[in-house]
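# Examining the three-dimensional arrangement
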Amino acid sequence: MRMITFFLVGLTVHIVFFLSIFDIYFTSPLVHGMPPHATLLPPPASRLILIVADGLRADSLFMPLHNGSSRTPYLRSIIEEKGTWGVSHTRVPTESRPGHVALIAGFYEDVSAVAKGWKENPVEFDSVFNQSRRTWCWGSPDILPMFAKGASGDHVYTHTYPAEEEDFASTDASRLDTWVFTQVKSFFHSAKSNSSLKAYLLEDKNVFFLHLLGIDTNGHAHRPMSQQYLNNIGLVDSGVAEVVSIIEEFFNYDGRTAYVFTSDHGMTNWGSHGAGHPSETLTPLVVWGAGVQTAQRATDPQPYIDEYLQDWKLEQIRRVDVNQADIATLMASLIGIPIPVNSVGVLPLPYLNNTDHFKAQSMYTNALQVLEQFKVKMTQRKDTTLSFFFTPYQLLTESKQEEFIERAKMLIRLQKYVDAVSLCQSLISHALEGLVYYHTYDRFFLGCSVVLGFVGWTSYVVLLILKTHASLIRNPSILRQIPNHTLARVFMCLAVAIVAFLLVQKSPMTYYIYCLLPVPVWYSVLKESGTLTDLIHSAPSLPLWKCLSYFLLVALGVELLVVSFFHRAMLTLGLAVLSLWPFVCGIFGRSKLWSLSWFFSCLCLAVFPLMPVMGRESNIHLVLCGGVMTFFTSACFLFSLWQRSVLHPCDRQQFAIQMLHVVVCAYVPFLTHSSLQQKQGLPLLNQIVSWTTLASSLLVPLLSSTRLFHRLLSILLSLTATYLLLSTGSEALFPPALSWLMYGWINIEQEAMLAQGVPGRQELSTIDFSANIDISKIRQLKLDDIRRSYFFVSIFDPTSVYCFLTVFNPFIMGGLMMWKVIIPFIIVMCTFETIQVVTQLSSRSLFLIVLVISDLMALHFFFLVQDYGSWLDIGTSISHYVIVMSMTIFLMLLSVVTHTFTSQRLALWRRPKMHFP
């Protein structure tokens, strides 16, 4: 197979493997076609006020001050006298969009939907706003539009400020909340003189939504423990008190208004959110007004194992915790609208102040609404599965559904409301479990198909390595393979059978890809089965103990890399072990300088996995240190180059400019940080420097000489400049430490070749990336080359982007953060390209071994996903699988780009020819 064909096929296969995890674990849970269900009894409230303080942590609201008072006196008085309070437990990812979907629609949005759009609905779903008579919203342009455009009809009215106002560098982000409160007050004031608007407002089933983004913005910019964040909470409290007063006055204190105050997610101490730390998942919930239970004194110890009640001085007030999706069901019950048909929330009855009949009827409605989703899901699964393969959910068969419903009706008629509530809660629990059962019905089948394809692909790559890059003894007299035409017919029949099976089952198109992919892969494996015969025939001549030792070490190495995804300290252990390699392999006696350089650079790099990934404060002075270290490291490299070969004046000028540019880029974050601290915004000059550096980072190295160390130094300086602009602390020290190790690796690999007796050593300073490769000098793979490939695999918060932009834009910010992660990959990949040139290996051979190691890691994570039971463990393994697969796909793309990046050149000026020694 030609290299370009292999590359395209391999890229396609890995993209399929990458997407499969989303199709298996992150398909949308939504179903459609369910009828809405509402409680027929009169609701206690005519209108609902929903106030969401974006990014507000539970402890930030409930924790009293040191003197015993509260920074939120109004909401504290509600908790102690007029309403019911608790903690709302969110789910990962703790982001604004999924949080608001859970609050207002009652279901937990799948991860893939977040990537399809931030402001609008990627999938159709029902919500409290959609079921209301009318909804008025004020707040962020990132949140409100997705509920307005998702509503049927034209009854959701949004009022948003310009997106440019969401600036992390603004003088005071609390003005966003002040804007909302001002707009709401103006709205009700104008309604007094607007008869048509007033008539709309006096109708029932209305919802008013206040989205307050200031707390979240201040938390990102200044951290949740900052005075700006805490003062913003106090501003929200006074604003809520004022708005409640205006609303009550407008409706003439009729006692028909219900209020819900909560948050979409919390925030860590270092100003981020998205993961599952308690500071991110625990949010406050305070409900009061019409139909809501007033504060209840707790006479017995409350059933919560945490110590928050004592810290918050609320152990005497009954606390009622809920899941975030339960709030949508509660809001629908309070104003008598149908529960959103996609909701998976369970009505929290302790929040209701109503008759037992109303509570039982509301819970019965909740049970019917969840059961409707279960019925649709079961029907869909039944229609796409052959009858003799279909296994229904045993706890909720069709007969048991009818039995549950009839018993609930009978208990309500007999006024046995407590028993009816208990039965309905049991029905909801079974229906939710059944939804998960049918949603994951094909998971094992798809997982087996993907694993079969994965194992087949890895086997094929191993056979390809043995066939084309290993010195096996060929024996044409032995039957080498099954006749091609027979093998092709067998696999063609198998493919037809798979297609027929999937057609009968009415399976989605993606199922065809996952199930058919193993067919050509295993066909290719069996076509190369003769290579296995050659391997067996060559076995007596191979050093078996050495082979077994190498493969055992590689297996342990792969396992170490997998474990390091869960425990970063394992990377430190791995690098510490790698540092001993020159001493174990006898290279130290041949080259003490490079052996010691390798040893100390490995130990320096081993420190970084022990540093906190999150939770550290910004330290711009370390960014300056990183720039200075890069400058002096580059100066040492440059001096070494000067000693080894003649530097062209143009190269000297370019390196000098690039080194000064690195220092400037290290100083720009310091200037930006100072400007933001002084509330002066992002300086335009800093922004121009940052974006220009980013845009030119891949072009500037192409202007340098293609001689080995000249080009590598230019690449290092160019990429490090961008990396420093995206750094906020100790990570800025990583590029100089990594470059030190890479420089030592290149030199020590040449010493390793001499130790192994490989002839034809070439002086490193004379190697040119653009030179034509002498095919006669390309050697076959040796066992030690597996070690080289393993070395390659082993060496691998919003404030990071403030030099580029401060206005909230999730996709640009995410792209910049991704580029920051990719930069070390490019440096290592360019070094790997150099190693292949230095060790006289085909670029394809080492790359294939890297591919096998990466695929083994991904396969390991895929098996871990199958084994874990809890969703948190599954999510962790899935994220690691996605990371490894992304890395593998990226390396495949980069393997093509790197050769161009190291060997090609943009000639902006003509150079006189110079003779190098």
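Calculation criteria
- Residues numbered from 1 in each chain as written.
- Predicted model: local features only at pLDDT ≥ 70, side-chain atom pairs only at ≥ 80, totals over all residues.
- Heavy atoms only, no water.
- Salt bridge = Lys/Arg side-chain N within 4 Å of Asp/Glu carboxyl O.
- Helix = DSSP H or I, 4+ residues; strand = E, 2+ residues; numbered from the N terminus.
- Buried < 20%, exposed > 50% of the residue type's maximum accessible area, 1.4 Å probe, protein only.
- Axes fitted to C-alpha atoms, helices over the stretch in contact; angles between N-to-C directions.
- Parallel < 35°, antiparallel > 145°, perpendicular 65-115°, else oblique.
- Left-handed = near helix turned anticlockwise from the far one by under 90°.
- Contact = heavy atoms within 4.5 Å.
- Nonpolar A, V, L, I, M, F, W, Y, C, P; charged D, E, K, R; others polar.
- Expected span 1.5 Å × (residues − 1).
- Arc of directions from axis to C-beta.
- Polar contact = N/O pair within 3.5 Å; in protein donor to acceptor, adjacent residues only side chain to side chain.
- Pairing = 2+ DSSP bridges.
- Phe/Tyr/Trp six-rings, centres within 6.5 Å; stacked < 30°, edge-to-face > 60°.
- 1 Å grid on protein atoms, 1.4 Å probe; cavity = no way out; pocket = protein on both sides within 12 Å on 5 of 7 lines; lining within 4 Å.
- Points joined across faces, edges and corners; volume = space filled by probe spheres on them.

### Structural notes on the pattern of salt bridges
Per the counting criterion, the structure on display carries 13 salt bridges. The partner of glutamate 203 in a salt bridge is arginine 134, with the nearest N and O atoms 2.5 Å apart. Taken as a pair, glutamate 203 in the loop between helix H9 (195-201) and strand E5 (206-212) and arginine 134 in strand E3 (residues 134-139) lie far apart in primary sequence, 69 residues in all. The partly exposed category is assigned to glutamate 203, whose relative accessible area is 30%. Ionic pairing is found between lysine 820 and glutamate 731, a salt bridge with its closest N-O pair at 2.8 Å. Each member of the salt-bridge network shares a partner with another, and the members are Arg133, Asp204 and Lys205.

### Details of the packing of helix H28 (residues 649-677) against helix H30 (residues 708-725)
The N-to-C vectors of H28 and H30 enclose an angle of 15°; their axes lie 8 Å apart at closest approach. Between H28 and H30, the interaxial angle falls into the category roughly parallel. Here the hand of the crossing between H28 and H30 comes out left-handed. Every residue of H30 that contacts H28 at Asp651, Gln654, Phe655, Gln658, Met659, His661, Val662, Cys665, Ala666, Val668 and Pro669 is listed here: His710, Leu713, Ser714, Leu717, Ser718, Ala721, Leu724 and Leu725. When the residues that make up the contact of H28 with H30 are grouped by side-chain class, the tally is twelve nonpolar, six polar and one charged.

### Some remarks on helix H16 (residues 398-413)
Along its 16 residues, H16 runs 23 Å from first to last C-alpha, staying within 8% of the 22 Å computed at 1.5 Å per residue. Among the residues of H16, those classed as buried are Gln401, Phe404, Ile405, Ala408, Leu411 and Ile412. Down the axis, H16 shows its buried residues gathered within 135° of arc, on one side only. Of the exposed residues in H16, those oriented more than 90 degrees away from the buried face are Ser399 and Arg413. At its buried positions, H16 is contacted by helix H15 (356-383) and helix H17 (417-439). Within two residues after H16, glutamine 415 carries a phi angle of roughly 65°, on the positive side.

### Points about the side chain of threonine 831
Inspection of the secondary structure assignment puts threonine 831 in helix H33 (residues 810-838). There is a polar contact of 2.9 Å between the side chain of threonine 831 and the backbone oxygen of isoleucine 827. Discounting chain neighbours no more than four positions away, the residues touching threonine 831 are Met742, Trp745 and Ile746.

### Some points on the sheet that holds strand E7 (residues 282-289)
Strand order in the open sheet formed by eight strands is E4-E3-E5-E1-E6-E7-E2-E8, with mixed pairing between adjacent strands. Sheet topology places strand E4 (156-160) and strand E8 (322-323) at the edges, where each strand pairs with a single neighbour. Sheet topology note: the strand E2 (residues 84-89)/E8 ladder contains two bridges and is parallel. Bridge assignment links serine 88 to a residue of E8, and that residue is valine 322. The strands that helix H11 (residues 227-250) touches are strand E1 (47-53), E5, strand E6 (257-262) and E7; relative to E6, the one it contacts most, it runs at about 170°.

### Some remarks on the packing of aromatic side chains
What describes a pair of aromatic rings is the distance from one ring centre to the other and the angle between the planes of the rings. Scanning all chains against the criterion turns up 43 aromatic pairs. Ring geometry for phenylalanine 62 against tryptophan 312: centres 5.0 Å apart, planes inclined by 50°, an arrangement best described as tilted. With phenylalanine 62 in helix H2 (residues 58-62) and tryptophan 312 in helix H13 (residues 308-312), this residue pair connects regions lying 250 residues apart in the sequence. Residue classification places phenylalanine 62 among the buried positions, given a relative accessible area of 1%. The exposure class assigned to tryptophan 312 is buried, which follows from its relative accessible area of 1%. Ring plane angle 10° and centroid distance 5.2 Å describe the contact between tyrosine 259 and tryptophan 288, whose orientation is recorded as stacked.

### Notes on the pairing of E5
Across the seven residues that make up E5, a large majority, seven, are buried. The sheet contact formed by E1 and E5 spans seven bridges and is parallel. Paired with valine 52 across the two strands is histidine 211, which belongs to E5. Bridge count for E3 against E5 is five bridges, and the pairing is parallel. Counterpart to arginine 134 in the pairing with E5 is asparagine 206.

### Quick word on the environment of glutamine 131
Structurally, the position occupied by glutamine 131 is in helix H6 (residues 128-131). In this structure the C-alpha to C-alpha distance between glutamine 131 and alanine 332, which are 201 residues apart in sequence, comes to 8.4 Å. Polar side-chain contacts of glutamine 131 include one of 2.5 Å to the side chain of aspartate 126.

### So, the packing of helix H8 (residues 175-191) against H11
What describes two packed helices is the angle between their axes and the distance between those same axes. Packing of H8 against H11 leaves a shortest axis separation of 10 Å and a crossing angle of 5°. In terms of axis orientation, H8 runs roughly parallel to H11. On H11, the residues touching Asp177, Thr178, Phe181, Val184, Lys185, Phe188 and Ala191 of H8 are Asn232, Leu235, Val236, Gly239, Val240, Glu242, Val243, Ile246, Ile247 and Phe250.

### Some details on unusual backbone geometry
For the bond running from valine 92 to proline 93, omega is 5°, close enough to zero to count as cis. If you check the backbone angles, lysine 313 has positive phi at about 60° while not being a glycine. Along the chain, the position of lysine 313 falls in the loop between H13 and E8. On the basis of relative accessible area, lysine 313 is assigned to the exposed category, the value being 56%.

### Examining empty space enclosed by the protein
Considered as a void within the structure, the largest cavity measures approximately 200 Å³ in volume. Taken together, 14 residues line the largest cavity, and the ones lying closest to its centre are Phe637, Leu712, Leu713, Leu716 and Ser739. Mapped by element, the contributors of at least two residues to the lining of the largest cavity are helix H27 (620-644), H30, helix H31 (734-755) and H33. Of the residues that constitute the lining of the largest cavity, the class distribution is twelve nonpolar, two polar and no charged. Each pocket or cavity is described by its volume, and for the second largest cavity that value is around 80 Å³. Along the wall of the second largest cavity there are 13 residues; nearest its centre are Thr39, Ala332, Ser333, Gly336 and Ile337. Of all the secondary-structure elements, those providing two or more residues to the lining of the second largest cavity are helix H14 (326-335) and H15. Top contributing element to the lining of the second largest cavity by residue count: H15, with three residues. By residue class, the composition of the lining of the second largest cavity is eight nonpolar, five polar and no charged.

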